[in-house]
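Results of the structural survey
Spelled out from the first residue to the last, the chains are:
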Amino acid sequence: MRLRHIPGSEEMIAESPYVIRDPERHRGRWAEVFGNANPIHIEVGMGKGRFLMELARQNPGINYIGIEMYSSVLLKALQKRSTAEDLANVWFLRIDARTLADIFGPGEVKKIYLNFSDPWPKDRHAKRRLTSPRFLAVYDKILEQAGDVEFKTDNRELFDYSLEAIPEAGWRITQHTYDLHHSPYGDGNVMTEYEEKFSSEGKPICKLTADRYRAE
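Presented here is an overview of the structure given in this document. (Residues numbered from 1 in each chain as written. Predicted model: local features only at pLDDT ≥ 70, side-chain atom pairs only at ≥ 80, totals over all residues. Heavy atoms only, no water.)

To continue, consider the side chain of N115. The residue N115 is located in strand 4 (residues 109–115) in this model. N115 gets classed as buried once you look at its relative accessible area, which sits at 6%. Look past the residues within four positions of N115 in its chain and what remains in contact with it is E43, G45, F51, K152 and T192. (Helix = DSSP H or I, 4+ residues; strand = E, 2+ residues; numbered from the N terminus. Buried < 20%, exposed > 50% of the residue type's maximum accessible area, 1.4 Å probe, protein only. Contact = heavy atoms within 4.5 Å.)

Right, dumping it as structure tokens:
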């Protein structure tokens, strides 16, 4: 789906107090940005930011960074952020996820969230999927040793692809379900805007968690 460009969005993002500009200069020193050594969780493709900001409210002892590459989408998250209470533990970045290793140092991130990512359904676009080996190699560079990735989607084909691609990349799937809201993994689940919409339409939500430890 082609995103509608919002005139002036780049300028508004550049002026926002909630966006970190030139994030590469903070590589390996994000604790200084937050002013503490709390764990860092990032969401890649955060959309309007509802999921991330709710996590930040619930977990003040965790630092959150939202990653979004599209200005028109990030702007909507910033509008939502401007009306929210003060959240000292959340920042936004406008970057391409392929550059994550230029933004974060080795082991600097504890958890990565991937929510309702673009499925890129054509086979020739498989490497663009955020659960592809190409992106898993990037996550491997920034996650701490015990770090993990959580992935949610309503797209069954993308989920099945991920169940195969993740182990093939040398990772281990520790949990997975084809119907999150009717599974034990649904306890404490925080929904995104898309998740709420799809669930209201009766679509099951798939979820998996993966890390880099192989099964014994």
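Now that the structure has been shown, the text picks up again.
Quick look at the sheet that holds strand 1 (residues 40–44) now. Taken together, the 7 strands give an open sheet; going across it, the order is 3-2-1-4-5-7-6, and neighbouring strands pair in mixed fashion. Of all the strands in the sheet, the pair left with one neighbour each is strand 3 (90–93) and strand 6 (172–177). On average, adjacent strands in this sheet sit at an angle of 15 degrees to one another, irrespective of strand direction. Bridge count between strand 2 (residues 63–67) and strand 3: 4 bridges; the pairing is parallel. Paired with I67 across the strands is L93, a residue of strand 3. (Pairing = 2+ DSSP bridges. Axes fitted to C-alpha atoms, helices over the stretch in contact; angles between N-to-C directions.)

Looking now at unusual backbone geometry. For D22, which is not glycine, the phi torsion reads 50 degrees and is therefore positive. For D22, a relative accessible area of 54% corresponds to the exposed category. One non-glycine residue, F116, lies in positive phi territory at about 55 degrees. On the secondary structure map, F116 appears in the loop between strand 4 and helix 6 (133–142). Classification of F116 by relative accessible area gives buried; the value is 11%.

Now for the packing of aromatic side chains. Under the defined criterion, the tally for this structure stands at 7 aromatic pairs. Plain terms: the ring middles of F51 and Y113 are 5.2 Å apart, the flat faces sit at 75 degrees to each other, and that makes the pair edge-to-face. One end of the pair, F51, is in helix 3 (residues 50–58); the other, Y113, is in strand 4, with 62 residues separating them in the sequence. Y113 matches F51 in its accessibility class, with the two residues each being buried. Between F159 and Y178, the ring centres sit 5.3 Å apart and the planes meet at 75 degrees, which makes this aromatic pair edge-to-face. Of this pair, F159 sits in helix 7 (residues 156–168) while Y178 sits in the loop between strand 6 and helix 8 (193–200), and the two are 19 residues apart along the sequence. Through successive ring pairs, a cluster of aromatic residues spans F116, Y194 and F198. Here the basic side chain of R129 rests over the ring of Y161, its NZ or CZ set 4.5 Å away from the ring centre. (Phe/Tyr/Trp six-rings, centres within 6.5 Å; stacked < 30°, edge-to-face > 60°. Lys NZ or Arg CZ within 6 Å of the ring centre and 35° of its normal.)

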